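These are the residues of each chain, in order.
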Amino acid sequence: MTTFVLVSGGHTGGWVWQEVSARLRAAGAQVYEATLTGMGDRRHLARPDTDLETHIQDLVNLLDTVRAPEGVVLVGHCYGIHPALGAADRRPERVARIVHLDAGLPQDGDTALALAPDQAIRDRLAARDAGASPDGHEWLADPPSAAEPERWGGTAGLSDAALDRLVRHAAPQPLGTLTQPLRLPNADALAALPTTGIFCTANGSGIALVEMLVATGQPRFLALAEPRVGFFELDTGHWPMLSVPDELAGVLLRAAADEGHRVTAEKRENPSNQRPFILDVRTVPNAPDRPDGPKDQAASPGGVEQTERTTTYFPEPPTSTSRPAPPPSPAIVFVHGGPLPADTRPTPRDWPLFSGYGRYVASRGAVGVTVDHRLHGLTDYARAAEDIAAAVERVRADPRVDGERVALWFFSGGGLLLADWLAAPPPWLRCVAATYPVLAPIPGWNLVEPRFRPAATVAGAGSLPIVLTRVGRERPEIAATVEEFLTAAEGGGARVEVIDVPLAHHGFDAFDHGTDTEAAEQARRAVERAVRSVLAALAASPGDRSA
């Protein structure tokens, strides 16, 4: 007999699983719906010292009493994956499988608030720290209302009745459960357990995202390609136990039977973040002041200089000492995508893709600058924007740079950082470019600040040239943001040059190097054209911006 222990997400309790549990029991399974301290019908037990360890111990106590000789299938939804992992870490011998139901991959030391931040909770924390809580319950986080779908993680697929039920039964959650770091002292045993991930695709995530992460070659993501890990997708929003209980029960039974899609890690010489740039740019040995960089670090014709967050590629200087020094050169600042884990190595500015762009524009007479910014989570866009603004000011202050002729070039998830520059372009910004960009928060990115929506700010771009490279094989949810942006740009009279690459995928300038020669040639032509367009905008007279 299969035994399930179901752990619900924030503000809810065991009641949320009723329909799913009935179907699992009808299939012959044994089911336990965990209601954690202070949640659901145990809300009266909440105390100021109720924290994540309290919830972990709740589950440990349950695991110790459940009769399941073959171990339990431990299902964690949303916040529930944190105590579920903590309990599995303490009792790995009692767990047959862990199921992440539309939940993240928290690591040792992570907090639930850091991985799924909520501004309302941050406000409550600020009030607690200031001793200014209006109701005296500064240790509790109020549940969302029906008018706050983003705080519920998205409500796609829920009927009005189901949403009303969710809101009506929601309980305030002790803040300590969200702010206490998860501790996994037995992480090796935990990592060996069979694991299933279930994605609710209306939130924008799916198996394709896992495949992209595995392709980066980062060890934490390569683990997702191990045979013990399987995946499913449900075409619904964040609350499948309420929106599609039949389908969810069926998927849980299949997961318990070790079914599910397996992701494979292709045997490649280089992971995706170290694959070569699409254009052939000559290379020299690693820059001497960056011994930790890639060993085939490529330099620009005029040399490479590095600071804490930037790498700058300069054009070739005069070959004769009798010739006067060249005038300052225009600059192009390349902004990588994300969010990316903080421990990604090498950091993006040293990826061959971005160093390739920097070297290429230097060979064409401009200064190329690659930047490391701190976009590590969906709530980090403001911090990343500050990093970019600071890097741009340092670039403009360099006497070798013409500070009145600067372009910014954004990639992938970094595209949201375009918003501020489009809203009020400074006169020295002569062009912006975006390659396979995200131009509005995609489904599931509800935690991104509303400010970072280029589709909403492009009307303020005026005559600023915008060079947009659009790939034909883009993920649908990203392609939709590009179309939204272009519609808004047309309505606002913005100057957008669209470079279409029909056979290209997201990341084509480093990925499309295979046997499809037509796709590779399209990719090369697209990059060359985009660079020509940006350089032309930099060379144009200031009056051309107002034309």
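For the structure, see preceding data.
What counts, and at which threshold
Residues numbered from 1 in each chain as written. Predicted model: local features only at pLDDT ≥ 70, side-chain atom pairs only at ≥ 80, totals over all residues. Heavy atoms only, no water. Helix = DSSP H or I, 4+ residues; strand = E, 2+ residues; numbered from the N terminus. Buried < 20%, exposed > 50% of the residue type's maximum accessible area, 1.4 Å probe, protein only. Contact = heavy atoms within 4.5 Å. Areas by Shrake-Rupley, 256 points an atom, 1.4 Å probe, with all protein chains shown as cover. Salt bridge = Lys/Arg side-chain N within 4 Å of Asp/Glu carboxyl O. Pairing = 2+ DSSP bridges. Axes fitted to C-alpha atoms, helices over the stretch in contact; angles between N-to-C directions. Right-handed = clockwise from strand over helix to strand, strands pointing away. Core = buried A, V, L, I, M, F, W, Y, C linked by side-chain atoms within 4.5 Å. Phe/Tyr/Trp six-rings, centres within 6.5 Å; stacked < 30°, edge-to-face > 60°. Expected span 1.5 Å × (residues − 1). Parallel < 35°, antiparallel > 145°, perpendicular 65-115°, else oblique. Left-handed = near helix turned anticlockwise from the far one by under 90°. Nonpolar A, V, L, I, M, F, W, Y, C, P; charged D, E, K, R; others polar.

## Description of the overall build of the chain
- Helix and strand counts for the chain come out as 19 helices and 16 strands.
- Counting across all 547 residues of the chain, residues that qualify as buried make up 55%.
- In the chain, the share of contacts with a sequence separation of at least 24, taken over all contacts with a separation of at least 6, comes to 77%.
- Surface summary for the chain: the accessible area is close to 22,800 Å², and the carbon and sulfur share equals 52%.

## Comments concerning the pattern of salt bridges
- Under the defined criterion, the tally for this structure stands at 31 salt bridges.
- Between aspartate 49 and arginine 47 there is a salt bridge, with its nearest N and O atoms 3.0 Å apart.
- Judged by its relative accessible area of 47%, aspartate 49 is partly exposed.
- What makes arginine 47 partly exposed here is its relative accessible area of 48%.
- Note that aspartate 164 and arginine 168 form a salt bridge whose closest N and O atoms lie 3.2 Å from each other. One end of the pair is aspartate 164 and the other is arginine 168, both in helix H6 (residues 160-169) and four residues apart, which spans about a single turn.
- Note on arginine 168: relative accessible area 52%, which makes it exposed.
- When salt bridges with common partners are traced through the structure, they connect Glu53, Asp89 and Arg90 into a single cluster.

## Points about the sheet that holds strand S11 (residues 329-335)
- Pairing is mixed across the open sheet formed by eight strands, whose spatial order is S9-S10-S12-S11-S13-S14-S15-S16. Only two strands of the sheet have a single partner each, and these edge strands are strand S9 (304-306) and strand S16 (495-505). Pairs of neighbouring strands in the sheet enclose a mean axial angle of 20°, with direction left out of account.
- Judged from the four bridges that link them, strand S10 (residues 310-313) and strand S12 (residues 367-371) form a sheet pairing that is antiparallel. Each residue of the ladder has a partner; that of threonine 312, found in S12, is valine 369.
- Across the face of the sheet, helix H17 (residues 476-492) comes into contact with strand S15 (465-473) and S16 while running at roughly 145° to S15.

## Section: the pairing of strand S3 (residues 72-77)
- Burial analysis of S3 places six of its six residues in the buried class, the great majority of the element.
- Neither face of S3 is exposed, since Val72, Leu74 and Gly76 on one face and Val73, Val75 and His77 on the opposite face are all buried.
- For strand S1 (residues 3-7) and S3, the ladder comprises four bridges, and the chain directions are parallel. Bridge pairing links valine 7 to glycine 76 in S3.
- Note on the crossover from S3 through helix H3 (residues 81-90) to strand S4 (residues 95-101): the handedness is right-handed.

## A few points about the nonpolar core
- Of all hydrophobic cores here, the largest spans 48 residues; its most connected members are Leu417, Leu422 and Phe485.
- Residue contacts for leucine 417: discarding those within four places in its chain leaves Val335, His373, Tyr381, Ala384, Ala385, Ile388, Phe410 and Phe452.
- Leu279, Phe354, Ile499 and Leu538 belong to the second largest nonpolar core, which has 35 residues in total.

## So, the packing of aromatic side chains
- Applying the stated criterion across every chain yields a total of 15 aromatic pairs.
- Between tryptophan 409 and phenylalanine 411, the ring centres sit 6.2 Å apart and the planes meet at 5°, which makes this aromatic pair stacked. The same class applies to tryptophan 409 and to phenylalanine 411, which are both buried.
- Ring geometry for tyrosine 436 and phenylalanine 508: centres 5.8 Å apart, planes at 80°, overall edge-to-face. Of this pair, tyrosine 436 sits in the loop between strand S14 (429-435) and helix H16 (454-457) while phenylalanine 508 sits in helix H18 (residues 508-511); the two residues are 72 residues apart in sequence, bridging distant segments of the chain. The pair formed by tyrosine 436 and phenylalanine 508 is uniform in burial state, with each residue classed as buried.

## Regarding the side chain of histidine 82
- Its location among the elements puts histidine 82 in helix H3.
- By relative accessible area, histidine 82 is classed as buried at 5%.
- Once residues within four sequence positions are removed from consideration, histidine 82 is found in contact with Leu52, Pro106, Thr111, Ala112, Leu115 and Leu182.

## Some words on H17
- If you check H17, its first and last C-alpha atoms are 24 Å apart, about what 17 residues at 1.5 Å a residue would give, namely 24 Å.
- Of the positions making up H17, those classed as buried are Glu477, Ile478, Thr481, Val482, Phe485, Leu486 and Ala489.
- Contacts made by the buried residues of H17 are with helix H15 (418-423), H16, S15 and S16.
- Just beyond H17, the residue with positive phi is glycine 493, at close to 75°.

## Regarding the packing of helix H1 (residues 18-26) against helix H12 (residues 245-256)
- Direction vectors running N to C along H1 and H12 enclose 50°, while the axes themselves pass 9 Å from each other. In terms of orientation, H1 and H12 fall into the oblique class. In terms of crossing hand, the pair formed by H1 and H12 is right-handed. Contacts between H1 and H12 involve Glu19, Val20, Arg23 and Leu24 on the former and, on the latter, Pro245, Asp246, Leu248, Ala249, Leu252 and Leu253.
- The residue inventory of the contact of H1 with H12, partitioned by class, reads seven nonpolar, no polar and three charged.

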